[in-house]
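Okay, here's what each chain looks like letter by letter:
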Amino acid sequence: MTTVEERLLPSAEPIQLIDEHGVPHDHPQYRLPAEQTLVDGYAQLVKGRRINDQAGALVRQGRLAVYPSSHGQEACQVAATMVLRDQDWLFPTYRDTVSIISRGVDPIETLTLLRGDWHSGYDPYQRNVAPQATPLATQLIHAVGVAHAARLKGEDTVVMALCGDGATSEGDFHEALNFAAVFKAPVVFFIQNNEYAISVPLARQTVAPSLAHKGIGYGVPGERADGNDLAGLLAVLGQAVDKARAGEGPQLIEAHTYRVQAHTNADDATRYRNDAEVAPWLERDPLKRLEAYLVERGLLDEASKNKVVAAADQAAETLRIGLMEEVQPDPAELFDYLYAEKTPQLREQAAFLQDELAREEA
Amino acid sequence: MTTVEERLLPSAEPIQLIDEHGVPHDHPQYRLPAEQTLVDGYAQLVKGRRINDQAGALVRQGRLAVYPSSHGQEACQVAATMVLRDQDWLFPTYRDTVSIISRGVDPIETLTLLRGDWHSGYDPYQRNVAPQATPLATQLIHAVGVAHAARLKGEDTVVMALCGDGATSEGDFHEALNFAAVFKAPVVFFIQNNEYAISVPLARQTVAPSLAHKGIGYGVPGERADGNDLAGLLAVLGQAVDKARAGEGPQLIEAHTYRVQAHTNADDATRYRNDAEVAPWLERDPLKRLEAYLVERGLLDEASKNKVVAAADQAAETLRIGLMEEVQPDPAELFDYLYAEKTPQLREQAAFLQDELAREEA
Amino acid sequence: MTMTATTLLKLTMAQALNQALRDAMKADETVLMFGEDVGALGGVFRITDGLTAEFGEDRCFDTPLAESGIVGMAVGLAMNGMRPVVEMQFDAFGYPAFEQVVSHVAKMRNRTRGRVTLPMVIRMPYAGGIGGVEHHCDSSESYYAHTPGLTVVAPATVADAYTLLRKAIEHPDPVIFMEPKKLYWAKEEVDLSVSQPGIGKAVVRREGRDATLIAYGPTVPIALEAAEVAAADGRQLQVVDLRSIVPFDDETVCTAVRSTGRAVVVAEASGFASVSSEIVARVTERCFHSLAAPIRRVTGFDIPYPPPKLERHQLPGVDRILDAVDDLQWEDS
Amino acid sequence: MTMTATTLLKLTMAQALNQALRDAMKADETVLMFGEDVGALGGVFRITDGLTAEFGEDRCFDTPLAESGIVGMAVGLAMNGMRPVVEMQFDAFGYPAFEQVVSHVAKMRNRTRGRVTLPMVIRMPYAGGIGGVEHHCDSSESYYAHTPGLTVVAPATVADAYTLLRKAIEHPDPVIFMEPKKLYWAKEEVDLSVSQPGIGKAVVRREGRDATLIAYGPTVPIALEAAEVAAADGRQLQVVDLRSIVPFDDETVCTAVRSTGRAVVVAEASGFASVSSEIVARVTERCFHSLAAPIRRVTGFDIPYPPPKLERHQLPGVDRILDAVDDLQWEDS
Ligand SMILES: Cc1ncc(C[n+]2csc(CCOP(=O)(O)OP(=O)(O)O)c2C)c(N)n1
Ligand SMILES: Cc1ncc(C[n+]2csc(CCOP(=O)(O)OP(=O)(O)O)c2C)c(N)n1
Ligand SMILES: [Mg+2]
Ligand SMILES: [Mg+2]
């Protein structure tokens, strides 16, 4: 084995800095984040969990069309944004609601898509968050373009591009990693390997030693982390972002986590997996372990925990109230945004609809 | 580094059993092919070279629309077929004329596409050679399907799927390797890395340590060979075919060679590379070194070499004569092969054309 | 027709499609079903429900998540003696396979002068009306219909779903099978042993002398509803269900239009350069002198499929169809 | 028009396209050109000849061989302030990028309510007539024209090649720029400083009172040739060059057709469910009572593009156009 291979292949085991019992472990390459960072991160995890729960409830009440929960993946989602600076970009998928909100995007606007009001609700340039991508892996290559443009402009922007384990099978994953490598684009590709693509388990997705092993085929360093350990994720993703920013090119990080709930509310996970498989993952919960660590270290007590929970409840309540409001998008908008200027054809069609609606009302 | 990685990563240097001076070298893992195999292989190389030359001449005479020469890559092309059994399949590209012919397909039928008579001229089932693929990398996934079908039928067929270095950047390359790995399909993916995709050099195609390093990302063993050493290629490809046949799943082989001539006759290579770059590759010619080896070993003398050359000349002459014949495909055929039964629309259109041609003649 | 308890079943279209797959797999062991989530889950719409359990992992299986790979693998399997049926999970997720479909699926027989044929089916849950978010409600039939070498069908009834899928699987050539998602849960009493007309045949679903509605897939029930309403108002609308977009049944369609002299094409896809354009163009070319008015189109607007809360404006509805009929230059109106 | 030596140049369409890129890159440093072989080689058709030398590797560059990647990267660059122009080496090699084009390029502005716009151009050397082998002569404009959100243009003259490409690059939205390969070497005397009409405008290339030929891209010169021949026979054919497929210039086209009462659409692509179907449908809808005969189509057959030795049968030619004109139910014939 040469040094090239040592540089590009992931470590033998996923990086873990705090284990599932909340016990910290030293690592030769990665250091535990600062205490305050972990305390802040904990608050975000709790808030993320509450948002996941609240969104689930809102689906049951018919306030959201669909919700792909990231329950159990909050550490990945929070870490993905905590390591970024303001000028950086986030490229999220449909499952990354918590990431988007933790980046500072308005929660109601974040849920526009899943509420069925419009395809995307927030202004991507406000917090540098791309619209959520549904066609799998397609956004990864956009991320490369955004990163390359930043470099052409002389900016030291980094782009965090998220995808799932299933998405790594798509051709666009391959093309994105390769383009990023060839152009040395400052992109951190961050795979949340939650072991499922809807019903399809990882074993049917790949027989590679790990998803992080895909990096070397592009000349991209691959690394893997325990996806339920916020501390480890912050260290690994933080280092990847630093390297990308320093001009070392793209980085590939696989977080090993688990989709605790069904794919979305519309899915029935009992058809393809049993509870026994899920149970151990509940033990590995990202909140539990960080809480145990912080309590043990005296960084969290009953009072401060209550504050964190109250803030999370407040966020969930804001979400609930916001989504209870009945929004009815204006049908005229259907024709407004295809082109800077409506084509004659769209003008005709818009007039037709307006006329029809006027007659309906009359 | 674990054993998984040792199993899946290619050797540090491309496998070479006979060097460019014709000197054999021992290798811990690969053995020199039998003497007779090398003698036969030599004859095929000489024939392949003559066919390349002849086809080039036929383009200049207007007998072929275009010809992507494999001058300098004959060892790869010949080895790819020599390691196959009759029941096996070959999936060639536009550049693999020599491979197809060495598989036993009629040379004139092989050139139907490049002559402009029809899209493909030979019966793919006659020698189990798929039609030549132009849309890059698309054929690799067909190869997986053919291999998987064979396994479902209980056959021990192996599929040899060829592509170039440029084609490895396409999404279909990725999907094909992954599908093959997940389904353990008996496919040998054989990349002829000739350092160019038309004008684009390998460095712009990938910054991976080698193309063979792409295998591990799919759990597919990758290996690399000197693409101008027939002996090494036969050993490496032969072992890959054996493994695939034995049920060990797909194998990825990268042969390092060089496109000595322009991409096709229509290309002007002087626009993007200079002669100094080409010169050393002429020294590494696959024919020269095997000839030196065989002569040194007493396996080839003036008389037997003359026989080989005469046979090659004969093949080239047959090609020349065959392509001199003026073939005019029947326009009625344009409508014959879209569907088992012509649609009413095609019947109308065929009649229209027939009528038009009849009036033209009248 | 005698109604016997044994043959008459009350089935949804989803169940009929499932039954068609099951019967086809029973009848021919080279029939394979694969795609994303079609195994244990039975497909996100449950069209493949129970097939893996009944026929085993070799016959119905999940693949890695890659549509070009799925279609390309089907090409290879078909080249080597199988009859693959693949599912694109939603219509818009067929686009990654577009090159495979256009450059290989459609061309293989032609390329090889009939030596390599591809008996395969690409199932596409398509169109809207189910409150799906973006990319889940595209109507992409026009892309495929424009591509020479493909056969494109779209059932509109439960009985047709069964018959057309069986015939598509038996078909010697690749078939793009468009399944109108919003009709998956439509129930009908059907006798599966009664075979419906084959691929290439349109049928007149309702007779009427005043004007002809030409529809396919999800718009057929709407067209029938419109005809019902019109009848109450004294106007008799004929309804033609295309069933097969390619091959196109010029004879049935043109005979119908000539009999009324007026026609409206009803399709959910955006109208520009679409299957409905083709219908207008070819019927006009062939029936010009029988037409009392230009053929009208009621199609989706030329916009991306709207978000759930606005989708009703995109879907051809009864009123819009009747308005178009009213526009057909009736002398007495 | 005064002819001055300084402004009138004799250029091929390839040269005019090259000049347009050069001038656009000079005028706006956010304009980038990339794709396969567009750097040192200057593109297989030399449209990007010399751009890397003049503007450097950052402005005009080769990419890895992956079309979805090329288009997707352009999306990202456009999101972040650039104006990318990409080349698909041949029309059919745009299919791997189909998902990016349909699901992102066409939809980004709409998806984000106008917040993210994509000023980008996808250049497609298209159509046949150059003796190319399979996959090198597709006419895929109908796929793009059917996709809401795209702007689709096709120049037919050297002057238009320059103007339309400049305007496409300046356009605030993505443009699919179809370049008729066989016209690359067509030479014209042009004054590049004279701006042609913009995107969305058709022009009448030849006046004539008897019938209207509607063409775009590679069929415009053939239509003009047909009109020339017809004139010798005493029939005056008007020729409309669409230039812009989306947006479609209904006004110019319909005014033209109403003035003659007869029309033939001439396009190279297969006819079924195509841009020519749309032209027939919409012109008929709008001009029905002015039409003396149904609009005829002269298009490619519904077959894969033929091999070089047979391609002449697929291409609309003068005789075929004149036959179609003869069929337009002339009272005196
Ligand atoms: C191109 C494409 N094909 C199929 C789908 C349908 N689909 C949506 S999510 C999903 C599974 C994705 O799995 P993974 O990438 O692991 O992400 P996760 O949902 O687990 O977060 C599928 C198949 C899609 N959105 N896009
Ligand atoms: C999908 C696709 N894109 C582009 C092309 C045009 N093209 C033909 S050959 C070629 C270069 C291929 O390079 P490589 O794979 O290295 O094979 P080589 O020609 O060197 O044998 C290109 C870009 C194509 N045939 N298919
Ligand atoms: Mg997953
Ligand atoms: Mg090459």
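Residues numbered from 1 in each chain as written. Chains lettered and ligands numbered in written order. Predicted model: local features only at pLDDT ≥ 70, side-chain atom pairs only at ≥ 80, totals over all residues. Heavy atoms only, no water.

1. Focus: the confidence of the model for chain C
Put simply, the test is: What pLDDT reports is the predictor's confidence in each residue, on a scale of 0 through 100.
A residue-level look at chain C finds 98% of positions with pLDDT of 70 or above and a mean pLDDT of 96. For this predicted complex, the interface confidence score (ipTM) comes to 0.98, while the overall pTM stands at 0.98.

2. Section: the coordination of the magnesium ion (ligand 4)
We count it as follows: Coordinating donors are taken to be N, O and S atoms lying within 2.8 Å of the metal, or within 3.2 Å when the metal is Na, K or Ca; because water is excluded from the atom set, some sites may appear incomplete. Only protein chains enter the accessibility calculation, which uses a 1.4 Å probe. A residue is then buried if its area is under 20% of the maximum for its type, exposed if over 50%, and partly exposed in between.
The magnesium ion (ligand 4) binds to the protein through Asp165 of chain B (OD), Asn194 of chain B (OD1) and Tyr196 of chain B (O); the donor distances cover 2.0 Å. What makes Asp165 of chain B buried here is its relative accessible area of 2%.

3. As for the domain arrangement of chain C
Many authors give the size of an interface as the accessible area that is lost as the parts come together. Residue and element names in this part refer to chain C. Our working rule: Residue ranges labeled as domains rest on an automatic or database domain assignment. The criterion used for residue contact is that any of the two residues' heavy atoms lie within 4.5 Å. Two parts placed together each lose some accessible area under a 1.4 Å probe, and adding up what both lose gives the buried area. Note on definitions: salt bridges are taken to be side-chain nitrogens of Lys or Arg within 4 Å of carboxyl oxygens of Asp or Glu. Polar contact is defined as a pair of N or O atoms within 3.5 Å, subject to the rule that within protein one atom must be able to donate a hydrogen and the other to accept it, and that residues adjacent in sequence are counted only when both atoms are side-chain atoms. Helix and strand labels come from DSSP, where a helix needs a run of H or I of at least four residues and a strand needs a run of E of at least two; each type is numbered from the N terminus. Residue polarity is assigned by list, with Asp, Glu, Lys and Arg as charged and Ala, Val, Leu, Ile, Met, Phe, Trp, Tyr, Cys and Pro as nonpolar; anything else, Gly included, falls into the polar class.
As assigned here, chain C comprises domain 1 (11-190) and domain 2 (203-326). Taking only C-alpha atoms into account, the centre of domain 1 sits 26 Å from that of domain 2. In this assembly, 27 residues from domain 1 lie in contact with 22 residues from domain 2. Between domain 1 and domain 2 lies a buried interface of about 1,900 Å² when both sides are counted; carbon and sulfur atoms form 58% of it. Put simply, domain 1 and domain 2 have two salt bridges between them. The shortest N-O distance in the salt bridge between Arg243 and Asp160 comes to 2.5 Å. At the boundary of domain 1 with domain 2, the tally comes to 11 residue pairs in polar contact (both at pLDDT 80 or more). Elements with a minimum of two residues in the side of domain 1 that touches domain 2: helix 6 (141-145), strand 6 (151-153) and helix 7 (158-170). Looking at the side of domain 1 that touches domain 2, its residues break down into 15 nonpolar, eight polar and four charged.

4. Thoughts on the site of ligand 1
This is how the line gets drawn: Throughout, near means a residue has at least one heavy atom within 4 Å of the molecule or strand. Under the convention used here, a 1.4 Å probe and the Shrake-Rupley method define accessible areas, while residue burial counts only the protein chains that appear.
Near ligand 1 lie 21 residues; those nearest to it are Tyr94, Arg95, Asp165 and Gly166 of chain A together with Glu67 of chain C. Residues close to ligand 1 are split across chains A, C and D. One of the backbone N or O atoms of Gly166 of chain A is found 2.8 Å from an oxygen atom in ligand 1. In this structure, Tyr196 of chain A approaches ligand 1 through a main-chain N or O atom, which is 2.8 Å from an oxygen atom. Bound to the protein, ligand 1 loses 97% of the 580 Å² it would expose on its own.

5. Observations regarding the interface of chain D and chain C
Between chain D and chain C, the residue contacts involve 48 residues of the former and 48 residues of the latter. Taken together, both faces of the contact between chain D and chain C bury some 4,300 Å²; the carbon and sulfur share is 64%. For the interface between chain D and chain C, the tally reads eight salt bridges. With a shortest N-O distance of 2.9 Å, Arg111 of chain D and Glu134 of chain C are connected by a salt bridge. On the surface where chain D and chain C come into contact, there are 20 residue pairs in polar contact (both at pLDDT 80 or more). Every element with two or more residues in the side of chain D that touches chain C is listed here: helix 4 (98-105), helix 5 (108-111), helix 6 (141-145), strand 12 (244-246), strand 13 (263-270) and helix 10 (275-287) of chain D. For the side of chain D that touches chain C, the element with the most residues is helix 10 of chain D, which contributes eight residues. Residue composition of the side of chain D that touches chain C, by class: 24 nonpolar, 14 polar and 10 charged.

6. Describing the coordination of the magnesium ion (ligand 3)
When four donors bind a metal tetrahedrally, each ideal donor-metal-donor angle is 109.5 degrees, and when six bind octahedrally, the ideal angles are 90 or 180 degrees. Residue and element names in this part refer to chain A. With distances of 2.0 Å, the protein atoms coordinating the magnesium ion (ligand 3) are Asp165 (OD), Asn194 (OD1) and Tyr196 (O). On the primary sequence, the residues serving as donors to the magnesium ion (ligand 3) are separated as D-x28-N-x1-Y. By relative accessible area, which is 4% here, Asn194 ends up buried.

7. Observations regarding the relation of the copies chain D and chain C
The criterion, for reference: All copies are superposed by least squares; the fitting set is the C-alpha atoms of residues with a pLDDT of at least 70 in both.
Between the two copies, chain D and chain C, the superposition gives an RMSD of 0.0 Å; the rotation angle is 180° and the shift along the axis is 0.0 Å. In the structure described here, the two chain copies are related by an operation that fits a two-fold rotation axis. The residues that chain D uses at the interface reappear at the interface of chain C in 100% of cases, marking a shared surface.

8. Let's talk about the sheet that holds strand 4 (residues 83-87) of chain C
All names here are of chain C. Keep this limit in mind: Here a strand pair is declared whenever DSSP counts at least two bridges between the two strands. As a rule, the C-alpha atoms of each element are fitted with a line to give its axis, helices using only the stretch in contact, and angles between N-to-C directions run from 0 to 180 degrees.
Spatially, 3-2-4-5-7-6-12 is the arrangement adopted by the seven strands of the open sheet, whose pairing is mixed. On the outer flanks of this sheet lie strand 3 (60-62) and strand 12 (244-246), each paired with one strand and no other. For this sheet, the mean inter-axis angle between neighbouring strands, taken without regard to orientation, is 20°. As paired strands, strand 2 (residues 31-35) and strand 3 are joined by three bridges and run parallel to one another. Bridging from a neighbouring strand, Gly35 pairs with Asp62 of strand 3.

9. Quick notes on the site of ligand 2
If you check the shell around ligand 2, you find 21 residues, and the closest are Arg95, Asp165, Gly166 and Tyr196 of chain B together with Glu67 of chain D. Each of chains B, C and D places residues next to ligand 2. Contact distances for ligand 2 include 3.2 Å between a nitrogen atom and a backbone N or O atom of Leu136 of chain B. One of the side-chain N or O atoms of Asp165 of chain B is found 2.7 Å from an oxygen atom in ligand 2. Summarising the interface, the protein chains cover 96% of the accessible area of ligand 2, which totals 580 Å² for the free molecule.

10. Structural notes on the nonpolar core
Worth spelling out the cut-off: For our purposes a nonpolar core is just a set of buried Ala, Val, Leu, Ile, Met, Phe, Trp, Tyr and Cys residues, chained together by side-chain atoms within 4.5 Å.
Val144 and Phe189 of chain A, Val144 and Phe189 of chain B, Met79 of chain C together with Met79 of chain D are the most contacted members of the largest nonpolar core, which has 253 residues in total. Setting aside anything within four residues of it in sequence, one finds Phe189 of chain B in contact with Leu140, Val144, Ala161, Ala176, Leu177, Ala180, Pro250, Gln251, Leu252 and Ile253 of chain B.

11. Digging into the packing of aromatic side chains
Put simply, the test is: Each Phe, Tyr or Trp ring, with Trp reduced to its six-membered ring, pairs with another whose centre is within 6.5 Å; inter-plane angles below 30 degrees give stacked pairs, above 60 give edge-to-face pairs, and intermediate values give tilted ones. By definition, being over a ring means that NZ of Lys or CZ of Arg is both within 6 Å of the ring centre and within 35 degrees of the ring normal.
For the coordinates displayed, the defined rule picks out 47 aromatic pairs over all chains. Residues Phe179 of chain B and Phe183 of chain B carry aromatic rings whose centres are separated by 6.1 Å and whose planes lie at 50° to one another, so their mutual orientation is tilted. For the residue pair Phe179 of chain B and Phe183 of chain B, the accessibility class agrees, reading buried in each case. Grouped by ring-pair contacts, the aromatic residues Tyr95, Phe98, Tyr143 and Tyr144 of chain C together with Tyr95, Phe98, Tyr143 and Tyr144 of chain D constitute a single cluster. Between Arg235 of chain C and the ring centre of Trp330 of chain C, over which it is positioned, the NZ or CZ distance is 4.1 Å.

12. Notes on the packing of helix 8 (residues 220-232) of chain C against helix 12 (residues 318-326) of chain C
All names here are of chain C. Worth spelling out the cut-off: Crossing handedness follows the turn of the near helix against the far one: under a right angle anticlockwise gives a left-handed crossing, and clockwise gives a right-handed one.
Between helix 8 and helix 12, whose axes approach to 9 Å, the crossing angle comes to 60°. In the crossing of helix 8 with helix 12, the sense of the turn from one axis to the other is right-handed. Contacts between helix 8 and helix 12 involve Ile222, Ala223, Glu225, Ala226, Val229 and Ala230 from the first element and Val318, Ile321 and Leu322 from the second. In terms of residue class, the contact of helix 8 with helix 12 is made up of eight nonpolar, no polar and one charged.

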